[in-house]
Number of protein chains: 2
Amino acid sequence: MEFFVRSEKKYNPVTPKIVDELKQIVGSRYVIYGDEEKLQPYSHDEVPGAEYAHMPEAVVRPGTAEEIAAIMKLANREMIPVTPRGAGSGLSGGAVPVCGGIVVLFDRMNKILELDRENMMIVVEPGVVTNEINEFLKEHGLFYAAYPMSLETCYIGGNVAENAGGAKAVKYGVTSRYVVGLDVVTPTGEIVELGGKLIKDVSGYNMVQLMVGSEGTLGLFTKITLKLLPLPKAQVDLLCLFKNIEEAIKAVPKIQTIGGIIPTSIEFMNKTAIKASCEYLNESIPYQQAGAMLLITVDGPDEQQIEREYESIGQLCLDAGAIEVYVADNATTSERIWKVRRNIGEAYNVISRRQSAEDIVVPPAAIPAMAAKLQELSDKYDVMIPCFGHAGDGNLHSRIVSQPWWSDEKWHKVLPKILDELYRLTAEVGGRISGEHGIGHKKKNYLPYVVSENYIDMLRTIKRAMDPNNILNPGKIFDL
Amino acid sequence: MEFFVRSEKKYNPVTPKIVDELKQIVGSRYVIYGDEEKLQPYSHDEVPGAEYAHMPEAVVRPGTAEEIAAIMKLANREMIPVTPRGAGSGLSGGAVPVCGGIVVLFDRMNKILELDRENMMIVVEPGVVTNEINEFLKEHGLFYAAYPMSLETCYIGGNVAENAGGAKAVKYGVTSRYVVGLDVVTPTGEIVELGGKLIKDVSGYNMVQLMVGSEGTLGLFTKITLKLLPLPKAQVDLLCLFKNIEEAIKAVPKIQTIGGIIPTSIEFMNKTAIKASCEYLNESIPYQQAGAMLLITVDGPDEQQIEREYESIGQLCLDAGAIEVYVADNATTSERIWKVRRNIGEAYNVISRRQSAEDIVVPPAAIPAMAAKLQELSDKYDVMIPCFGHAGDGNLHSRIVSQPWWSDEKWHKVLPKILDELYRLTAEVGGRISGEHGIGHKKKNYLPYVVSENYIDMLRTIKRAMDPNNILNPGKIFDL
């Protein structure tokens, strides 16, 4: 498998003369060049495996949109690729400079610029750590609803670039629902303001939504306006044990159709996943009799309302065959359960570092079929595939984990076969290969498994039109 | 003012030979040609004024995506413009064939194809009347939440093309939030499947959202997959009287931040608007002491929940200075109030047919400032500007209505001046010229008032790349 098919375009190297120009644009102290050790951290994101890494030639740390525009003009003039990078917490290699060139960091653009209470919006720079937004908003009774699981490290700019999801997407949707305004620098170095403090707007194409999830290939974000929601004043978690995944998933639409309730989160975990995490944490939540578990959160403006909701959900789950339903109505118990959910990945990291963190997404009703197929794959190739994820939106974090005793060689021989089968099976049920991590360069070669060539051609048409020299984050999502 | 700046492109006429080809594609009985009387209804939408109309040369009524693709291939080969048309209920001239050529109707593609209860999605053809979807869904305990006020006549395909809004957007958002899958025929005649039965999906750019609201200029929709929600089981309306618009609007964010409640609708009307509609309907809802009124709807899974919500909202409104709060907790009273809201437009139609139905959108907190400016405009030019709309999303349906005794000549001289000022004022508060009606060709010349030239250039880049011959709905939104 070839990971880095260089585009046909011939790029030029970053010469000392160009470095001088970069220094003039952003200031000498904000350019890293010629120092392998200092450049190395920017050669990879959170995808494990040296084969996914690539060294940048220079790293720049601009402080304004104007500086970024100047960098892009320079890069177009000199034919040098530019890769934007948030916190580097990505899981698809989106921030890896696969064609070399310049990496643009946003760590200096990290200010919360304005809280607009009347319009319930916040204006931030892209380098703000996502969690800081909600920490800042707490005292104002507001919150940003679309933060992902990695909120304590990731940047909001990266969330927008990847259209990050998270556990609360069932009720609150993903990042795209909250981005109302976006200042961008285009691939050719123009500064453009998209959207604004507007909840509705049909004055031209929805360029904001084209930018959200474009994985840094269509624009560099310099200012982000987010819609906020009232901070829920009460929250309860339900832990519902089922015999197997099929029975668990069948309960999900019933909560919404019969109960008329849209929970905040509907997470599921199979027994293997829970067991590994509980053992890793030395935790003892009840799961032994169950083959699968739903972790359901409801939140709302007051305790009486959510009490009615969780009682109704609990009853519906029991009616749908749940073995047992536990209520976690205090922060300590809630945190214990969520910690189990969040640490599944870490638990498997201890077992083996040879992993592939997948995030396929399927129509929600197809989760049981997909889970059965994952079990078959796991048996066939003798790998571990803990099955967990967001049942409410069909997003499965099926992580493929090597047996600890395997050699690197064996892992690299077997993994492509497993992924190939996994993605084919995903396509068969109408799914896609990424629900929230993005395609980056890690999954680029698999995109044709789940979408048509006509669709990829459409993406190419857009990319070529907006970035004629293929300067901005080349080699991602698809090859030109 | 020039309404129809023909693009530089030279189009060819629809000849009898081409009509023969069209007949071969869709069948003879589905082509209208050479009959002025039968073609005339397709020369306009709901925008009044002959200056906004333009005759098509031929009208075709395809039944499949393949037929539409063949029409587009033919049109590109022969350089003939093609304009897609839904129910013709648009308010910006989007379905008017301003460059002549072929109008494509969707009235034959009017089937509900599939209700997927497990995934809570519905698959429909574009020619389904929007209201039929919810009529069909009722017995299944589900509903499509983003329908606009014109739901009884409009087509869902038109809703998607215009990204239609509606009164419930505060809680439920607009059309874009619910479109998860879209089969399209591209301007060059390719059939492409975008999205799917997926709630999350980051496998490539979000082409679905680029298509939603593109006003029929980037693709013709042939199949639409919509996300559904549980049908609320209870609903209550509150009628809150305030001294003036400013006090009314100031209460809006308090409901959300202090109350922690997101109402379904927050509509407002000034006294002039209510009075006209009440007189028109011979209705007697209480409003005499008030300068402005909020009509607030809450809905939810049961009566106890919404009772708590509406009591809390009522109290917050009183605390914020409301003169009186009335509760409409039965269908008859609710309908009486909503009828007043819905009939403001009709009431003014009786006064004068010379009107311009505007739907500017501003940051919600800017509504009082904008309302004051509308009052100034009304005084300055001696026209009626009833002020009403969606307070929760800043979308003002400020309708400019001629005095009944004015001449056509005077109206046509004064209106452009008013619109010019209106849009400039809108731009000053960070607003846009359309929240849900679209730009079409009616507002095309005003788009540069509210967005930058760089932004319009970005739209042109996309349009040129996707429609190199400028065949699909030319002359809309912007000139190439």
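This one's a predicted model, so the numbers in the text were calculated from it and none came from an experiment.

Cut-offs applied
- Residues numbered from 1 in each chain as written.
- Chains lettered and ligands numbered in written order.
- Predicted model: local features only at pLDDT ≥ 70, side-chain atom pairs only at ≥ 80, totals over all residues.
- Heavy atoms only, no water.
- Helix = DSSP H or I, 4+ residues; strand = E, 2+ residues; numbered from the N terminus.
- Buried < 20%, exposed > 50% of the residue type's maximum accessible area, 1.4 Å probe, protein only.
- Contact = heavy atoms within 4.5 Å.
- Buried area = accessible area lost by both parts, 1.4 Å probe.
- Salt bridge = Lys/Arg side-chain N within 4 Å of Asp/Glu carboxyl O.
- Nonpolar A, V, L, I, M, F, W, Y, C, P; charged D, E, K, R; others polar.
- Axes fitted to C-alpha atoms, helices over the stretch in contact; angles between N-to-C directions.
- Parallel < 35°, antiparallel > 145°, perpendicular 65-115°, else oblique.
- Left-handed = near helix turned anticlockwise from the far one by under 90°.
- Domains from an automatic or database assignment.
- Polar contact = N/O pair within 3.5 Å; in protein donor to acceptor, adjacent residues only side chain to side chain.
- Pairing = 2+ DSSP bridges.

Section: unusual backbone geometry
Residue and element names in this part refer to chain B.
- The phi dihedral of Glu215 is positive, around 55 degrees, even though this residue is not glycine.
- Turning to its location among the elements, Glu215 is positioned in the loop between α7 (207-211) and β10 (220-227).
- A residue is classified by how much of its surface remains accessible, and Glu215, at 3% relative accessible area, is buried.
- Notably, Asn473 is not glycine yet its phi reads approximately 50 degrees, a positive angle.
- Mapped onto the fold, Asn473 is located in the segment after α16 (453-466).
- Judged by its relative accessible area of 1%, Asn473 is buried.

Regarding the interface of chain B and chain A
- Tallying the contact residues gives 90 residues for chain B and 91 residues for chain A.
- Buried surface at the junction of chain B and chain A, summed over both partners, amounts to about 6,900 Å²; 62% is from carbon and sulfur atoms.
- Of all residues in chain B, Lys200(B), Val202(B) and Tyr205(B) bury the most surface against chain A, accounting for 15% of the area lost on that side.
- A salt bridge links Arg308(A) to Asp302(B); its shortest N-O distance comes to 2.8 Å.
- Sorting the residues of the side of chain B that touches chain A by element identifies β9 (191-195), α7, β11 (229-230), α8 (245-257), α10 (303-319) and α16 of chain B as the ones contributing at least two each.
- It is α16(B) that provides the largest number of residues to the side of chain B that touches chain A, a total of 9 residues.
- Class assignment for the residues of the side of chain B that touches chain A results in 40 nonpolar, 32 polar and 18 charged.

Considering the packing of helix α1 (residues 16-26) of chain A against helix α3 (residues 65-78) of chain A
All names here are of chain A.
- Interaxial distance between α1 and α3 falls to 9 Å at its minimum, and their mutual angle equals 160 degrees. As summarised for this structure, α1 and α3 are arranged roughly antiparallel, according to the angle between their axes. For the pair α1 and α3, the crossing hand works out as right-handed. Between α1 and α3, the contacting residues are Ile18, Glu21, Leu22, Ile25 and Val26 on the first element and Glu67, Ala70, Ile71, Leu74, Arg77 and Glu78 on the second.

Description of the side chain of Thr225(B)
Residues and elements named next belong to chain B.
- With respect to the helices, strands and loops of the structure, Thr225 is situated in strand β10.
- Classification of Thr225 by relative accessible area gives buried; the value is 9%.
- For Thr225, the contacting residues outside a window of four places in its chain are Met121, Ile122, Val123, Tyr178, Val179, Val180, Gly181 and Lys197.

Overview of the domain arrangement of chain A
Residues and elements named next belong to chain A.
- In terms of domain boundaries, chain A breaks down into domain 1 (112-230), domain 2 (234-344) and domain 3 (352-438).
- Listed per partner, the contact involves 7 residues of domain 1 and 12 residues of domain 2.
- Roughly 740 Å² is buried in total at the junction of domain 1 and domain 2, and carbon and sulfur atoms are behind 57% of that figure.
- If you look at where domain 1 meets domain 2, you find 1 salt bridge.
- Lys171 is the salt-bridge partner of Asp299, the closest N and O atoms lying 2.7 Å from each other.
- Linking domain 1 with domain 2 are 4 residue pairs in polar contact (both at pLDDT 80 or more), by the criterion used here.
- Of the residues contributing to the side of domain 1 that touches domain 2, the split by class is 5 nonpolar, no polar and 2 charged.

Details of the sheet that holds strand β4 (residues 102-105) of chain B
All names here are of chain B.
- The strand order across the open sheet built from 4 strands is β1-β2-β4-β3, with neighbouring strands paired in mixed fashion. With partners counted over all chains shown, the strands left at the sheet margins are β1 (31-33) and β3 (82-85), one partner each. Within this sheet the neighbouring strands show an average axis-to-axis angle of 20 degrees, counted without direction.
- Bridge count for β1 against strand β2 (residues 58-60) is 3 bridges, and the pairing is antiparallel. Paired with Tyr33 across the strands is Ala58, a residue of β2.

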